[in-house]
Each structure stands twice: as structure tokens, then as C-alpha cells.
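Here is what each chain is made of, one letter per residue.
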Amino acid sequence: MAHIEIDAPGTTQLLLGNEAIARGALEAGIGFATAYPGTPSSEIMGTLAPIARKMGFYAEWSINEMVAFEAASAASLSNIRALSSMKANGVNVITDFLVNLQMTGVGKGLVLVVCDDPGGMTSSNEQDTRPIAKWLNIPLLEPSTAQECKDMTAWAFELSEELGMVSMVRSVTYLSHTRGTVRFGKLPANTKTARFAEFYDIDNPRQSRYTCGMQFHPYKQSEVLLNRFSKAPEYCEGSPFNAYSGPEAPELLIISSGICWTYATEAVSILQVHDRVGILKLGTTWPLPEGLISRHLERSDKVLFIEEIAPFVERSVMELAASLPGDHARPTFYGKRSGHVRAWGEQNLNLVIQSLAKVMGTSYRSRQTLSPAYQSTVNEVEKILPTRPLTFCPGCPHRASFWAIKHALQLDGRNGFVTGDIGCTAMGMISPGSFQVRTYYAMGGGVGIANGFGHLERFSFNQPVIAVCGDSTFFHASIPGLINGVWNRSNFTLAILDNSATAMTGFQPHPGTGVTATGDPGKKVSIEALCQSLGVPVAVCDPFDLTGTIATLLRMLRDEEPTKVVILRRECELVRARRDKEKPYKMYVDPARCIGEECGCNRLCTRVFSCPGLVWDKEAGKAMIDEAVCSGCGLCAGVCPQGAIMRDAA
Amino acid sequence: MTKYASKKLYDEVIDNGLCTLCGGCTGLCPYLFLHDGRVVRVHQCDLDEGQCYQYCPRTHTDMDAISRAIFGAPYGEDEIGIAREVFLARSTDQEIHLKAQDGGIVTTLLSVALTEGMIDGAVETKLDGEKIPHGVIARNRKELLECAGVSYEPSPILEAFNRLPRQSTEKLGFVGLPCHVTCLSKMRLLPPINRAPIENGKLVIGLFCGWTLSHGFHQFLTERFDLTKAIKFDIPHHPAHSFDLYTKSETQSVDLDELRPFINTACRYCIDMTAEFADISVGSGRALFKGWNTVIVRTKAGAELVEIAKKDRAMEIQPIPDESLTNLKRASLNKKRNAVHRIIDRTGSRKDLGYLGISGSLAGKLLS
């Protein structure tokens, strides 16, 4: 485990990119940190929160990214350096506030760290957040290494203060989650005093009105903002995070940023084209160091852009080239636009080598191209490897919830469906959730979209709708959707799958858990009390009581009140297992009762219910418990139609 | 492509409007559930052969084979099936009369069978608090009395049998409509697996049936009446033309025509009015003999039970007048003719009788 809080300048540690970002914030003398969990960003707050008290700053897991960023802004406006971290989707949530914060500017350094997820490996999309920096005139920094994660985060605070506006650091999955050596700098002395709107002149209140410089006429403020931002290029131009390496006048210039710069460097080395190819590494990708780039554009006939995800630098440099004087040499541009670089998904060394070889016209045998003999061995092995589809964990309450939801919707018989939300519950889209989830968009999107389905009755729409969200998702963005439904009498049932954890991202606390990021007691918020206050039917079920849950859901689907809430509450199995070492039940299959594939069962447990703790013994033609995997939750005993799965108190 | 059995059941029977809601496919199966007047397939079962399809009274049914197994004779032209004896009877038990529909003979015969140790329990219909019929097993006189009376909604009595443990040794009597009896007969022909042994069934009492009311009938009832107060339902015979609901203090009626839309479409393709494969079939005494039952004794087991009941003076008997018997036969024959005509209307061919496995010559006679 890294000790990012030690005050030992000059020493090195092996840190995750996200840990290095946290260290950078410490070295910048951070006083306030907020975040909402989201892969690949979660380790930043995960690193900061445990040391917050010791290091004398405030750390918070917030209810959502918007509140997180707004709270961090308050600290900044009050003379305290603040950092807010989130995944790409979080930036969409904060955008409205961000646009308006740009109008006022900030006080002390305010840094927004965004971790994009190229390929969308743990996200609903693979959006590139960099264009928002260009759109809103926000200085944007892209580290390439763990060391730069730390150094650029620290510098981002200075930049924010120099320009009087928020600055943005953009990481990507591979950088955030890869360890690299980081040389530590000094930790500043901890003396901070927060002040905001201290002076209210009772004789002249007009003077104290716009504490943060907000003007009544936005257009006037636009001018202020542009003036403020006009200083940014000079900081970027001289930044040591932009660097060129290679021959004076290379045949090909690679312009790269972020983790892709390391792929580009290695690709040049592997193809042994050092003498022909130069690499311009950009650490400040908005605004661009225009002078530096212009000088290098003159020296090459060909330019190749290597970056993740969108052709952001590529397009910005092409804009720059278009604005260069008429006699300026214009190279040929290669990249995502020209089709030389794959325009989707995560980049990797092999892809970058292929792109480079293509532009250079050299032949290269991909490292993924195996000898025929080895390839045939691989093919053989692939045949016997078991498939490992995504699934709910053994003992997961969501498996029970979706089992009950499927039964209820089928029994109801009106072609009902589920509108899904972000988090573990999204697996309701695939086999472990019996493919019940039919829409899946954004945090709070499940109940939001249900609001619309619930008003289509006048167009002879009669399918019941169950909106599903997790407990953390409920707090994050589902509450307005629920209230809107109640207010406008939209016909849907909100099923809150409350496993009392933000499980997908690593068990961060939320308002329902009653514990804060720093492990201190918070005020616990009751989901059912909140829902009951809306005056609509609210039921709380234990999803492991399948019969009772199905009956409750059926009743709610037929209830005359349009908007209903069912809270399906059972603790996340991983949280339970961390706390209790003992399994609740000792599970086993009575082979005399198990009828396997025969009519009357046909492997319901291993074929349909599909908990990973249940395995099919093909030779014996019986189900078995995999004791290494089984969590001992006992649910399957109630699913087996023959009563063959036995559960004994552990 | 081979179709899964449960899918075939859906395509051929359930989605085709032929499901009688007998409960033969549910109760044991974890894929099929009877809910709110529908058989619902909750998950996919990928067995090519399944008992759901095998025992359904609306999948291919070899009437000759069943008849030979029960009576040692092929399925014939008798309008009311093979009968040893037909008579009118009513119970001598006043407690039964208070609860029962007509003459109380079903409850009386079951009571005798229980007392004599012929059966340990009777697979029966019981109405719940909302007057929805369910299959139950009545194991004593008190439970039998709770099952007395008639529901005009289909009752999934076979669910109760399917739910019994495989190891069950209980000797059972069944009380069912002709569709239930057909399903049971198919089970007896080729015994089920993973259910209680069908040989435990020692007695089948069939109920005369014209049709059942489903497709929203229960919803209609709940909207029209306070069902919690209902103690009995009746559709009195011609010339009456009503559906009557009895409470403790009054009788409420609905014109029979209002109920026509609720007649289960499956019943329109049924040729069996008198439960021809039962040991004993029981119907009402019709208008002429109100408070009496018409009883058809068909098998040796049935005859033995009737003899004991007579000897015990559990029931009072009188011969059925020729005119009544003729009317019964005419009604039964009409049901057969109508059903066969409707089936060929559907199949579009006089050679294709759908599920109904009867000889071509019998079909020809019914169609003539």
C-alpha cells in the first residue's frame, strides 16, 4: 500500500496514476476534496479520504458529481485550494454549474480531475471530455505518466490561480490504473484560512452584491472571461510538459498526448525509425502551445496524431494550420480522420505500431500475429477454456430481485419491462438479470425515462413499467424523476435495489449508509421515509423472500395509484462477507432428490438461475454446490423445484 | 427444427385459445405458472419432450387407447360414454345438503370412500376468500365439506396432485371436470415421472360440464358483486336463464347472456359433457329433479363405491325416467357434434380433428 502522505522529498514510490494525482493535490496544499465514485476515477478519493483528517483537509464522497463540484467551488471561492474528481459521465452532470462558474472565475486553485474511459470498459459510453475544455475555455492538462499525474495536478492549482479559473486534468483508464515510479516533492505547511463574503457594507450594499465578480449582463462577463483566458497560451507555451524529441526535420511528426505518448515512443523504438520520426508530446492540450506546434509543422511533410478517444488534438491542430500565414508549409495530416488510426476504443502499443507502419509504408508483423504452430495451440486452448460471462456475484441480492421482477412481469402478462440505471443493476440487461432491463442510459435515467412511458396510456400503451435503480443511484439522480412522476401522476413502479453500498465502484458510502468518506458517522437518510413523504405506496421487501417480493410487485403493478415505490433491500453480499467470516448457511445438493435434466426441473438452478456457486455435474446428471464459490446465502434452496438443494445453518 | 415441448404447448394450445386451465401442466413445473386465469411461461424450458405437452387434454388424445385402458373397449358411439348404471340420487346427510349444489352426491361418495379407507384424500376444488378456485387435497370430512359447492370458473385441481411429494403413498380420489378427467386418463395411460405415483389414484368422480367461465369472468364477478358475502353460485336449468349468486340473506341474478362472452373458448372444442373416463360421473337432476343428482356409474371401482354408499344408506336413489335420460343423451350428443364441427372449421379439413384422436367412422357419424 502506497503511503502518499509521507513528507520525504526526493524519495520515489510506485504509485497508481490516481494515487499520484492525490499526491499532487497534497503537494499543492489541498484543503478540500470531493468526488462521486466512478471507474476509473474512484481511487483518487479512495486515497485522499483515509488521510484527510491526519493531513488537515476535508474530504467527501458526495451524493453526485454536481454537488461534489459545487462544494469544491465554495472552498475555492473561500480561499482554499480544492479538487473534485469524477469519471467522464460526471462532467455531464456538472456542466451547467461549470458553465456558470466560468462566468465568475474562482478564488484559490480549483482543479477538476476527469478520468475518461476509452473503450467504455466500465462505462456506458466512451465519451471524450476534452472538448468541454475547448468549449468553455478551460485550461486542460493531459499527463502521460504517473510522475506527470502528480506534477501536473500540482501545477494545475497554480494555473488555476494564475488565470483565476478552474483548470482540468484529464486522465484515462490505463494511466489511472497503472503503477509508475513517482519522485515526491515537498508537502507545504498547513496554514489556511477560509473567508467568503465577509464584508457586507450596510450603507452601500450594491458594492457587496457580486462577491465573486458575477455581472448582471452575461455578455459583459464573457469579455472578462476571454481576457482572463487570453493569458493561458503563454503558460502553455512555456510549459515543460510539452516536449519534442527526434531529428531536426523528421520525415514524420507524431503529435501525441496522454498515455498514447508512451505507446508512440515505444512504437518508434520498435520500428527503429528514430532517425526518421520525431514526437511532439503535448501536456497542455487546451489551449494548444500554438507557437511550438507551428514551428514543428514547418519541419515535416507528414503529421500523425496519436491520442485517445476523439480526434481532439488532431482537429485543433488542423484549425491552427488553417490559420497559419499563407506561405507557411502545410503537411499532410494522418490520424482518425484519414483512417490511419482506429477511431474508436482504447489505443494500445500494437495499434499504434500498425498506424505508424501504415503511414511510414513499412511492413511490420504484428506482435499479435503468432506462428502457425503456436496459433493452433491457442485455438485448441480456447476451445476448452470456460467462458466467463458477466454475472452477479454468488449471493448477490440483485439476482433475487431480477428473478422476482421477471416472475412478476411475466405473471402480470401485459408485456411489462424494466427501465434500467447505472451500476450493478445494469446487469439486468444480460442473462443474470434475465434480460429484463430494456433501457439503460444514465444515472437517474431509469426513472426519468419511465416518467415518459408512464404517460403513453392515451396512445393505447398498456405495458407496466418498472424503473430500477440502485440505492446510490437513487440518491444521485433518481429523486427528481420520482418526484416528477408523483407530481404528474406518471404510471410506473420504481424498484430501488438497495444493497446498502455503491458496490460497482468499490463500496463507497452514500447517504443511506450513514457513514462519511472519512469513516465518520453521518446522518443516515432513510429511503423509505423519503419516499413515503411523497404520499405514494411504498413497500419494503427482502428480495430473498421471493414469494413475498413477487406478490408485492404484482400488487404494485396493479395498484390504482400511478406512481409506486418498492424497496428491495438486502445488503451487498461482498459487504456482508467482508464483515462476517462465517457463511450464513452450509449448502449441499441431495442427489437423491435432484432430478437434473428431467421434466419437472430441467436444470433450473444451473441453466436458468445460474448462480456461479451452482455447478452442473454432467456425468452424474446432478447439480452440485461449488463450495469455493458458494456464499452460503441460501437463496437457491427456495428456487429448486424439487427441494433438492439443502441449507443447514452454518 | 425441433420445438421445445413448452413452446409447442403454447403455440398449439395456450396461444390457440384451447387451454382449459385444468392445472395439469402446472404445480410441479418451475417454468409454467397458473396465474389470474392464464398459464404463464416464466422461463424457457428447452426440453423437447415434456409432461406439460404430454398430458394436456388439448394435445393429441387417443380416445380409443384411453377407453381400452379403462373399460377394455374402444371409444364408442354412446352419447354419455360407457355406463353400467344411470340413476338419480341425493344425499341423506343434512350437513352435506346445506353446503352442496344439487343432491350432494359427490361429497357423499367421497365421504364414504374416505370412511371406508378406499382413499386417504380427495383432490378437490376449494374457493379462497376471493372466491377464486384452487386445487386442494381434502383429507377429512371437514375439509370435504369446505370443498362442497360449485364454481363456474375453471379450477386447476391437478396442480394439487402435481405438488404432492414424489414419495407420497396417499390413496387419492379426484373430482374433476371432463378436461381434468381426460388429463388424468392420459397420465394413467403413461405414468408421469417426478410426481406422486398415479397408481395412488383410486377413484375419479367426473362432473358434467357444458363449459366454464374464464377470460375476465372473475373480474366481472368482483365488479358486479361483493364476493365476500357469496356462499353459493348456481346456473339453474332451463327454463331458467340466469346465473345466481346466493348470500345468507338474498339471491342476486345475472342474465345468462351476459356471461356468454366469458365462456372459455377451449370449451367450444370439447366433446365430453359427462366425463366419460371417470369411475362415476355426477351431474344435476336438471329442472325436473331439483335437489337431485344424475349419477352415471362406469367402472367396477365406481360400482363398488356406489354399492357401499347404498348399503350405508348414505344416499337415496330413484330410477331416472326415460325422458330425462333421452334429454341427457341429446344434450351430450349435441356437445360432441358442435365440438367436432368447430374443430374442423378450425383445421379446415374433415380429416384433421386436431387434438381429438377418435376413429374416422365416429367422426363421420358426428359430422353427418
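Residues numbered from 1 in each chain as written. Chains lettered and ligands numbered in written order. Predicted model: local features only at pLDDT ≥ 70, side-chain atom pairs only at ≥ 80, totals over all residues.

1. Remarks on the overall build of chain B
Counting its secondary structure elements, chain B contains 12 helices and 15 strands. Against the globule reference of 21 Å for 368 residues, chain B gives a C-alpha radius of gyration of 20 Å, in line with a compact fold. Considered along the principal axes of its C-alpha atoms, chain B spans approximately 60 × 45 × 45 Å. The 368 residues of chain B split such that 48% are buried. Look at the contacts in chain B between residues 6 or more apart in sequence, and 69% of them connect residues 24 or more apart. (Helix = DSSP H or I, 4+ residues; strand = E, 2+ residues; numbered from the N terminus. Rg over C-alpha atoms; globule rule 2.2 N^0.38 Å. Buried ≥ 20, exposed ≤ 12 C-beta atoms within 10 Å, placed from the backbone. Contact = placed C-beta atoms within 7 Å.)

2. A word on the overall build of chain A
Counting secondary structure elements, chain A contains 22 helices and 24 strands. Its C-alpha radius of gyration of 28 Å places chain A within 12% of the 26 Å reference for a compact globule of 650 residues. Counting every position in chain A, which comprises 650 residues, the buried fraction comes to 50%. Nonlocal contacts in chain A, meaning residues at least 24 apart in sequence, comprise 78% of its contacts between residues at least 6 apart.

3. A word on the packing of helix α10 (residues 260-270) of chain A against helix α13 (residues 349-360) of chain A
Residue and element names in this part refer to chain A. In contact at an axis separation of 9 Å, α10 and α13 are set at 60° when each is read in the N-to-C sense. Here α10 is positioned oblique relative to α13, judged by the angle of their axes. Judged by the sense of rotation from one axis to the other, the crossing of α10 with α13 is right-handed. Contacts from C260, Y263, A264, E266, A267 and I270 of α10 reach α13 at L349, V352, I353 and L356. Split into classes, the residues belonging to the contact of α10 with α13 amount to 9 nonpolar, no polar and 1 charged. (Axes fitted to C-alpha atoms, helices over the stretch in contact; angles between N-to-C directions. Parallel < 35°, antiparallel > 145°, perpendicular 65-115°, else oblique. Left-handed = near helix turned anticlockwise from the far one by under 90°. Nonpolar A, V, L, I, M, F, W, Y, C, P; charged D, E, K, R; others polar.)

4. What to know about the environment of G185 of chain A
Residue and element names in this part refer to chain A. Relative to the elements of secondary structure, G185 occurs in the loop between β8 (179-183) and α8 (218-229). Sequence separation between G185 and T11 is 174 residues; the distance between their C-alpha atoms is 8.2 Å. Contact partners of G185, with chain neighbours within four places excluded, come to P9 and E27.

5. Quick word on the sheet that holds strand β14 (residues 332-334) of chain A
All names here are of chain A. One open sheet accounts for 5 strands, arranged β9-β11-β10-β13-β14; its pairing is mixed. Each of the sheet's edge strands pairs with one partner strand only, and the pair in question is β9 (243-245) and β14. Neighbour to neighbour, the strand axes of the sheet diverge by 20° on average, direction disregarded. Here 3 bridges tie β9 to strand β11 (residues 277-282), and the two strands are oriented antiparallel to one another. Directly across from S245, in β11, lies its bridge partner I279. (Pairing = 2+ DSSP bridges.)

6. A look at the packing of helix α3 (residues 65-77) of chain A against helix α4 (residues 88-104) of chain A
Residues and elements named next belong to chain A. Between α3 and α4, the least distance of the axes is 8 Å, while the angle of their chain directions is 35°. Where α3 crosses over α4, the two elements pack in a sense that is right-handed. Together, E65, M66, F69, E70 and S73 of α3 and G90, V93, I94, F97 and L101 of α4 make up the contact between the two elements. Of the residues belonging to the contact of α3 with α4, the class tally is 6 nonpolar, 2 polar and 2 charged.

7. Quick look at the sheet that holds strand β16 (residues 437-440) of chain A
All names here are of chain A. Taken together, 6 strands build an open sheet; the order of strands is β16-β15-β17-β18-β20-β19 and the sheet is parallel. Each edge of the sheet is formed by a strand with only one pairing partner; in this case those strands are β16 and β19 (538-541). With direction set aside, neighbouring strand axes in the sheet form an average angle of 25°. Examined bridge by bridge, strand β15 (residues 417-420) and β16 share 3 bridges and lie parallel to one another. From the neighbouring strand, G420 faces β16, where its bridge partner is Y440. The strands touched by helix α15 (residues 397-412) within the sheet are β15, β17 (465-470), β18 (492-498) and β20 (563-569), with β18 carrying the most contacts at an inclination of about 160°. Sheet strands in contact with helix α17 (residues 471-488) are β17, β18 and β20, and its direction is about 145° off that of β17.

8. A few points about the interface of chain B and chain A
With 16 residues of chain B at the interface, the matching set in chain A holds 14 residues. Those elements that place two or more of their residues in the side of chain B that touches chain A are β1 (32-35) and β2 (38-41) of chain B. The residue inventory of the side of chain B that touches chain A, partitioned by class, reads 9 nonpolar, 5 polar and 2 charged.

9. Considering the pairing of strand β12 (residues 280-284) of chain B
Residues and elements named next belong to chain B. Within β12, 5 of the 5 residues are buried, leaving the element largely enclosed by the surrounding structure. Here strand β8 (residues 201-207) pairs with β12 via 3 bridges, running parallel. Within β12, the residue paired with G206 across the bridge is S281.

10. Topic: α8 of chain A
The end-to-end C-alpha separation of α8 of chain A is 16 Å, in line with the 16 Å expected for 12 residues at 1.5 Å each. Across the 12 residues that make up α8 of chain A, only a small minority, 0, are buried. (Expected span 1.5 Å × (residues − 1).)

11. A few points about α10 of chain A
Residues and elements named next belong to chain A. Those residues of α10 not exposed but buried are C260, W261, Y263, A264, A267 and V268. Seen along its axis, α10 keeps its buried residues to an arc of 155°; they face one direction. Looking at the buried side of α10, the elements it contacts are β10 (252-257), β11, β13 (302-306) and α13. Taken from the residues just after α10, Q272 is the one with a positive phi, measuring 50°. (Arc of directions from axis to C-beta.)

12. Describing the environment of T362 of chain A
Residue and element names in this part refer to chain A. Relative to the helices and strands, T362 resides in the loop between α13 and α14 (372-384). Owing to 13 C-beta atoms within 10 Å, T362 belongs among the partly exposed residues under this scheme. On a C-alpha basis, the gap between T362 and L271 in space is 8.7 Å, while along the polypeptide they are 91 residues apart. Setting aside residues no more than four positions away along its own chain, T362 makes contact with L271 and A357.

13. Regarding the domain arrangement of chain A
Residues and elements named next belong to chain A. What the domain assignment lists for chain A is domain 1 (12-183), domain 2 (242-360), domain 3 (397-579) and domain 4 (585-649). Measuring from the centre of the C-alpha atoms in domain 3 to the corresponding centre in domain 4 gives 28 Å. Residue assignment for the side of domain 3 that touches domain 4 shows that the elements contributing at least two residues are α15 and α20 (573-579). Class assignment of the residues belonging to the side of domain 3 that touches domain 4 gives a composition of 5 nonpolar, 1 polar and 2 charged. (Domains from an automatic or database assignment.)

14. Things to note about unusual backbone geometry
All names here are of chain A. The omega torsion across W286 and P287 is -5°, close enough to zero to call that bond cis. Along the chain, P287 falls in the loop between β12 (284-286) and α11 (290-297). With omega at 5°, the peptide bond leading from E308 into I309 counts as cis. Structurally, I309 is set in the loop between β13 and α12 (312-322). One non-glycine residue, Q272, lies in the positive phi region at around 50°. With respect to the helices, strands and loops of the structure, Q272 is situated in the loop between α10 and β11. Residue classification places Q272 among the exposed positions, given that 10 C-beta atoms sit within 10 Å.

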